[in-house]
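Structure at a glance
Here is what each chain is made of, one letter per residue.
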Amino acid sequence: MAKKRTQPAKTSSYVGTVDEKKKHARKIVRGLARLFPEPECALIHDSPFQLLVATILSAQCTDERVNATTPTLFKKYPTAEKLAASKQADVEKIVYPLGFFRAKATNIRKMALAVTKEHAGEIPRTLKELVALPGVGRKTANVVLGTAFDIPSGVVVDTHVKRITNIFGLTTSKNPEIIERDLVEVLPKKEWIKFSHRIILHGRATCIARRPQCTACSLLKICPRIGLKPL
């Protein structure tokens, strides 16, 4: 079995010196902060365990659908111990609306069992320990560490972050691991956690994938609009 990465892949190259990239990134950070001063994680949760489960379930699924499903799941299985003792068929029935329900049910049950046996039911607080859990990759680990524990272990790269950071000219890669390395290089560490939340909110509100509202965007003056049609 291939060993999971605990470090993002090598940086891709894109135009500008490191100092120029950092200066541009700071402008983007300030602009997003004005738009979304107090961003929150879109996945509804009451504990690090619930956030970890919800993040695993959100793969190839909308946050809205996950939030509509997890209340039932968390009511029945509020802790890692409860979920570890669950029956596969019962969990599959609950997560069925999320797609890939068999794999997702298997992943969250195996994760819960590992957390129960190896960490006394508590979600670990290191990247190395998190990515060692079944169904947990670097993106999921970064979400949990940043949102649940306020630990900036890296930058979460989802579909919004992948698309919009290319438009902003902060990276030229389509590879999430390389994008993360590019962002870590130019963003202040204190911004790593909130940056992704803000990008996601911006992607839903203005920089919409199929119809970006560039003329109504307050970031237009600092956005190079890479890959988009001229206005």
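Let us look at the structure shown here.

The rules behind the values
Residues numbered from 1 in each chain as written. Predicted model: local features only at pLDDT ≥ 70, side-chain atom pairs only at ≥ 80, totals over all residues. Heavy atoms only, no water. Helix = DSSP H or I, 4+ residues; strand = E, 2+ residues; numbered from the N terminus. Rg over C-alpha atoms; globule rule 2.2 N^0.38 Å. Buried < 20%, exposed > 50% of the residue type's maximum accessible area, 1.4 Å probe, protein only. Contact = heavy atoms within 4.5 Å. Areas by Shrake-Rupley, 256 points an atom, 1.4 Å probe, with all protein chains shown as cover. Core = buried A, V, L, I, M, F, W, Y, C linked by side-chain atoms within 4.5 Å. Lys, Arg positive; Asp, Glu negative; His and termini not counted. Salt bridge = Lys/Arg side-chain N within 4 Å of Asp/Glu carboxyl O. Polar contact = N/O pair within 3.5 Å; in protein donor to acceptor, adjacent residues only side chain to side chain.

**Quick word on the overall build of the chain**
When helices and strands are counted, the chain shows eleven helices and zero strands. Along the chain, helices and strands appear, N-terminal first, in the series α-α-α-α-α-α-α-α-α-α-α. Against the compact-globule benchmark of 17 Å for 231 residues, the chain has a radius of gyration of 19 Å, which places it among compact chains. Projecting the C-alpha coordinates of the chain onto the three principal axes gives extents of approximately 55 × 30 × 30 Å. Scored against the burial criterion, the 231 residues of the chain give a buried share of 48%. Pairs at least 24 apart in sequence give 63% of the contacts found in the chain among residues at least 6 apart. For the chain, the exposed area adds up to about 12,600 Å²; of that, 54% sits on carbon and sulfur atoms.

**A look at the nonpolar core**
By size, the foremost hydrophobic cluster in this structure holds 40 residues, and its most contacted members are Leu52, Val53, Leu73, Met111 and Leu130. Contacts of valine 53, omitting those with residues within four sequence positions, involve Leu73, Phe74, Leu83, Ile108 and Met111. Core analysis: the next-biggest nonpolar cluster, separate from the first, contains 22 residues, Leu32, Val157, Phe168 and Val186 among them.

**Comments concerning the side chain of aspartate 182**
As for its placement among the helices and strands, aspartate 182 is situated in helix α10 (residues 176–186). The charged side chain of aspartate 182 is buried without a salt bridge, its nearest counter-charge being lysine 21 at 6.8 Å. Looking at aspartate 182, its side chain comes within polar contact range of the side chain of threonine 171, at 2.5 Å.

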